[in-house]
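Structural overview
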Amino acid sequence: MTTLKTRLKDDLTAAIKARDELRSSTLRLTLTAIQKEEVAGETARELSDDEVEKIITREAKKRREAADAFAKGGRAEQAERERAEGEVLAEYLPKQLTDEELDALVAEAVAEAKASGAEGPRAMGAVMKIVNPKVAGRAEGGRVAAAVKKRLAG
């Protein structure tokens, strides 16, 4: 079993013993998503830590989007719960890049793309190919794309 999945299970057990309803329900849902992914496809398999991390990232994104939708719909209590669940999941993800760190990585990638002949707004794909592996899980795709567009336009 992967170390991240083991940590999730251990934390779930601790949350249940502590009667922490929010944490235990969030971890249960996440572990269910992981288990569902493991049995999807032709044969069941054990997921790596990277794959588990991607699932946690996806679950955290769902919580952010749901919180926004609830907030727009005037359901503040549900929005707050979704945000709290997102914070629980954030503990299991790598620290997110600051805007300055992201801009620095994008600037390097743009310079690298220009060196290989790609310039202007059409270089977006080339820059994204360079920057995505460097960012990997530490910034959301939309944030990265916005930073690249801003750098290419300016």
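The structure reproduced in this document is the subject of the present report. (Residues numbered from 1 in each chain as written. Predicted model: local features only at pLDDT ≥ 70, side-chain atom pairs only at ≥ 80, totals over all residues. Heavy atoms only, no water.)

1. Some remarks on the pattern of salt bridges
- According to the stated counting rule, one finds 14 salt bridges in the structure shown.
- Note that E91 is salt-bridged to R23, the shortest N-O span being 2.4 Å. Of this pair, E91 sits in the loop between helix 4 (76-90) and helix 5 (99-115) while R23 sits in helix 2 (residues 21-39), placing them 68 residues apart in sequence.
- Here R23 falls in the buried class, since its relative accessible area comes to 19%.
- Salt-bridge contacts for E85 lead to R81; the nearest nitrogen and oxygen are separated by 3.1 Å. (Salt bridge = Lys/Arg side-chain N within 4 Å of Asp/Glu carboxyl O. Helix = DSSP H or I, 4+ residues; strand = E, 2+ residues; numbered from the N terminus. Buried < 20%, exposed > 50% of the residue type's maximum accessible area, 1.4 Å probe, protein only.)

2. Concerning helix 5
- Taking 1.5 Å of rise per residue, the 17 residues of helix 5 would be expected to cover 24 Å, and the 24 Å separating its terminal C-alpha atoms lies within 8% of that figure.
- Among the residues of helix 5, L102, L105, V106, A109, V110 and A113 are the ones counted as buried. Seen end-on, helix 5 carries its buried residues on one side only, within an arc spanning 140 degrees. Residues of helix 5 that are exposed and angled more than 90 degrees away from the buried face: E100 and A115.
- Close packing links the buried residues of helix 5 with helix 6 (124-135) and helix 7 (141-153). (Expected span 1.5 Å × (residues − 1). Arc of directions from axis to C-beta. Contact = heavy atoms within 4.5 Å.)

3. A look at the side chain of T26
- Residue position: T26 is located in helix 2.
- Residue T26 is classed as buried on the basis of its relative accessible area of 0%.
- When neighbours within four sequence positions are excluded, T26 is seen to be in contact with R63, E85, V88 and L89.

4. Some details on the nonpolar core
- Residues L102, V127, V131, V135, V144 and V148 are the most contacted members of the largest nonpolar core, which totals 20 residues.
- The set of elements that each furnish at least two residues to this core consists of helix 5, helix 6 and helix 7.
- Listed in part, the 16 residues of the second largest apolar core include L12, L27, L47 and V52. (Core = buried A, V, L, I, M, F, W, Y, C linked by side-chain atoms within 4.5 Å.)

5. Re the packing of helix 5 against helix 6
- It is at 9 Å that the axes of helix 5 and helix 6 come closest, and there the two elements cross at 140 degrees. By the criterion of interaxial angle, the relationship of helix 5 to helix 6 is oblique. When you trace helix 5 past helix 6, the crossing you get is right-handed. The segment helix 5 lies against helix 6, with L102, L105, V106, E108, A109, V110, E112 and A113 engaging A126, V127, I130, V131, K134 and V135.
- Taken together, the residues of the contact of helix 5 with helix 6 break down into 11 nonpolar, no polar and three charged. (Axes fitted to C-alpha atoms, helices over the stretch in contact; angles between N-to-C directions. Parallel < 35°, antiparallel > 145°, perpendicular 65-115°, else oblique. Left-handed = near helix turned anticlockwise from the far one by under 90°. Nonpolar A, V, L, I, M, F, W, Y, C, P; charged D, E, K, R; others polar.)

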